[in-house]
Amino acid sequence: MKAAVFHGAHEPLTIEELELDKPMAREVVVRTVASGVCHSDLHFVDGFYPHPAPAVLGHEAAGIVEDVGELVTYVQPGDHVISCLSVFCGTCEKCLTGHPNLCVSSDTRRAPSDPPKITYKRDGAPVQQFLNISSFADRMLLHENAVVKIRQDMPLDRAALIGCGVMTGVGAALNTAKVEPGSTVAVYGAGGVGLAAIQGALIAGARMIIAVDVVESKLALAKELGATHVVDASSRDPAKAVRDLTDGGVDYAFEAIGLKSAAEQAFSSLAAGGVATIIGMIPVGEKIEIEGRYFLSERKIQGSSMGSNRFRVDMPRYIEFYLQGRLRLDEMITRRGKLEDVNEAFRAMKAGEVARTVLMFD
Ligand SMILES: [Zn+2]
Ligand SMILES: [Zn+2]
């Protein structure tokens, strides 16, 4: 297979010929049709999060099942699927209490004695799989519990977005924070995940949705997708601006960048009783400072892992929303490219030029 290989932080990915192993037991091979380039991939390239190299990055994808292991019952060749990094075992305490996104069971992974999933074609050296997916490749070898079957009339490039960014943002609003109808919301960061959180708040019926960003074009898109107000954080204290707009603060704030300052501002944007949900990946080792007295007025801060998803239930619902026009995905794809464009996609994302680049495979 052809894949983009990560060699370490701050190094460009290179396109290489690799070998994908045959599916064992409950594994499936999926022909990748589309893979979004997500900020989380960039965090590893930028070295904010460590990952062993060489590895194939990418984790926001959709494609068509090509081959299945002998114990697979959920899908068959020809099925259209979205991959999700929240692979679940289905039998552990987290899975059985409604939190499959927090499953850490190793039952869905290969044992160390099994052959590696991905190797170099030239010498058979192993290549690491990333987040159980590795979608910057024309084939993926996944556990069947890392995919959801979807209807075949759903365009696969838009379906790919649901695989991470949309699930993460919409899920943070609907599942993690459980935004209530009529409430007020502020979303810090209007990239792919932030735009999805805004749309989640809209679906939930929030009456006021304030988008905060420093890039004007992103704020314009946020408005198009459901923000009722925008705050340009490059020219003012955004938390104060949010408190002024809402007469004291919002019920729900979301941080969708992965920045200490934005997380602190999200918390400072809250009304009494409000809850700040941190979605972004704050760099390893970094601490968030908040003033303790605000807990006296029942302000809360919480994390969100992949939108607290139950993705086999959530993702098909989001597809219905999309097909009904209630979740807008077309606008979130700024560019389409080929696998070879992956480094350019990272550059454009860093420069704030795109909500999403989607890599298309033929
Ligand atoms: Zn992602
Ligand atoms: Zn589990």
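An account of the accompanying structure is given in this report. The model shown is predicted, which means the values in this text are computed figures rather than measured ones. Note on numbering: residues in each chain are counted from 1, in written sequence order. Chains and ligands are labelled by the order in which they are written, letters from A for the one and numbers from 1 for the other. Local features are withheld for residues below a pLDDT of 70 in this predicted model, meaning they are given only at 70 or higher, and side-chain atom pairs are given and counted only at 80 or more; totals for whole chains, interfaces and linings count all residues. For side-chain calculations, the full set of non-hydrogen atoms in the structure is used, while hydrogens and water are omitted.

Assigned secondary structure in the protein consists of nine helices and 18 strands. Computation of the radius of gyration draws on C-alpha atoms, with the globule rule given as 2.2 Å multiplied by the number of residues to the power 0.38. Expected size for 362 residues packed as a compact globule is a radius of gyration near 21 Å; at 20 Å, the protein falls within 12% of this value. Seen through its C-alpha atoms, the protein measures out along the principal axes to roughly 60 × 40 × 40 Å. In the protein, which comprises 362 residues, the proportion classed as buried is 56%. At a minimum sequence separation of 6, the contacts of the protein that also span at least 24 residues come to 71%. Throughout, the Shrake-Rupley method with a 1.4 Å probe supplies accessible areas, and for residues the shown protein chains are the sole cover considered. Of the accessible surface of the protein, which amounts to about 14900 Å², a share of 52% is contributed by carbon and sulfur atoms. Secondary structure elements are taken from DSSP: a helix is a run of H or I of four residues or more, a strand is a run of E of two residues or more, and numbering for both begins at the N terminus. Between buried and exposed lies partly exposed: a residue is buried under 20% and exposed over 50% of the maximum accessible area for its type, with that area taken using a 1.4 Å probe on protein chains only. Contacts: residue pairs with any heavy atoms within 4.5 Å of one another.

Side chains that are nonpolar tend, in soluble globular proteins, to be buried together. Working definition of a nonpolar core: buried Ala, Val, Leu, Ile, Met, Phe, Trp, Tyr and Cys residues. They are joined through side-chain atoms within 4.5 Å. Among the nonpolar cores identified, the biggest contains 64 residues, and Ile-82, Ile-162, Val-166, Val-179, Leu-195 and Phe-254 are the most heavily contacted of them. When residues of this core are assigned to their parent elements, the largest contribution, eleven residues, is made by helix α3 (residues 156-176). In contact with Val-166, not counting residues within four places along its chain, are Leu-161, Gly-171, Ala-196, Tyr-318, Leu-327, Leu-329 and Met-332. One finds Leu-18, Leu-57, Val-127 and Met-349 within the second-largest nonpolar core, a separate group that totals 32 residues.

Now for the coordination of the zinc ion (ligand 1). Within the first shell, the zinc ion (ligand 1) binds the protein through Cys-38 (SG), His-59 (NE2) and Cys-164 (SG), at distances of 2.0 to 2.2 Å. Sites may look incomplete, because water is not among the atoms used; the donor set itself consists of N, O and S atoms within 2.8 Å of the metal (3.2 Å for Na, K and Ca). Each donor residue of the zinc ion (ligand 1) lies on one chain, and together they are spaced C-x20-H-x104-C. Linking His-59 in the loop between β4 (55-56) and β5 (60-68) with Cys-164 in helix α3, this pair joins segments that are 105 residues apart in sequence. As far as the burial class goes, His-59 and Cys-164 line up, both buried.

Next up on the list: the packing of α3 against helix α8 (residues 311-323). For helices, the fitted line uses only the C-alpha atoms of the stretch in contact; every axis is such a line through C-alpha atoms, and the angle between N-to-C directions lies from 0 to 180 degrees. Axis separation between α3 and α8 bottoms out at 10 Å; the angle between their running directions is 100°. When the axes of α3 and α8 are compared, the pair comes out roughly perpendicular. Mapping the contact onto sequence places Arg-158, Ile-162, Gly-163, Val-166, Met-167, Val-170, Gly-171, Leu-174 and Asn-175 in α3 and Asp-314, Met-315, Tyr-318, Ile-319 and Tyr-322 in α8. When grouped by side-chain class, the residues that make up the contact of α3 with α8 number nine nonpolar, three polar and two charged. Relative orientations are named as follows: roughly parallel for angles under 35 degrees, roughly antiparallel for angles over 145 degrees, roughly perpendicular for angles from 65 to 115 degrees, and oblique for any other angle. Gly falls in the polar group here, along with every residue not listed as nonpolar (Ala, Val, Leu, Ile, Met, Phe, Trp, Tyr, Cys, Pro) or charged (Asp, Glu, Lys, Arg).

Time to look at the coordination of the zinc ion (ligand 2). Ligation of the zinc ion (ligand 2) by protein atoms is provided by Cys-89 (SG), Cys-92 (SG), Cys-95 (SG) and Cys-103 (SG), these donors lying 2.3 to 2.4 Å from the ion. Any coordination sphere not matching a tetrahedral pattern (four donors, all angles between 85 and 135 degrees) or a square planar or octahedral pattern (four or six donors, opposite donors over 155 degrees apart, other angles between 65 and 115) is reported as irregular. Taken together, the four donor atoms coordinating the zinc ion (ligand 2) and their angles of 106 to 113° define a geometry best described as tetrahedral. When the donor residues of the zinc ion (ligand 2) are listed from N- to C-terminus, their spacing reads C-x2-C-x2-C-x7-C. For the pair Cys-95 and Cys-103, one class covers both residues: buried.

Among the six residues of strand β14 (residues 250-255), five are classified as buried, and the element is accordingly described as predominantly covered. Strand pairing requires that DSSP identify at least two bridges connecting the strands. Taken together, the four bridges between strand β11 (residues 184-188) and β14 define a ladder with parallel strand orientation. Pairing of Tyr-188 across the sheet is with Glu-255, part of β14. Looking at chain direction, β14 and strand β15 (residues 270-278) are connected through five bridges and run parallel. Along β15, the bridge assignment pairs Phe-254 with Thr-277. Seen with the strands pointing away from the viewer, any crossover whose path from the first strand over the helix to the second strand runs clockwise is right-handed. The β-α-β motif built from β14, the intervening helix α7 (residues 260-268) and the parallel element β15 has right-handed crossover chirality.

Alignment of β4 against strand β8 (residues 126-129), held across two bridges, turns out to be parallel. Bridge pairing links Ala-55 to Gln-128 in β8. With two bridges connecting them, strand β7 (residues 118-120) and β8 associate as antiparallel partners. Opposite Ile-118, over in β8, you have Val-127 as the bridge partner. Joining the antiparallel neighbours β7 and β8 is a turn of five residues, in which Gly-124 adopts a positive phi near 75°.

Moving on: unusual backbone geometry. If a residue is not glycine, its phi is most likely negative; likewise, a peptide bond is most likely trans. Cis geometry is found at the peptide bond from Ala-53 to Pro-54, where omega equals -5°. Of note, Ala-25 is a non-glycine position whose phi angle comes to about 35°, a positive value. Among the secondary structure elements, Ala-25 is positioned in the loop between β2 (14-20) and β3 (27-36). For Ala-25, a relative accessible area of 34% puts it in the partly exposed group. Positive phi, close to 50°, is recorded for Leu-131, a residue that is not glycine. Within the fold, Leu-131 resides in the loop between β8 and β9 (139-143).

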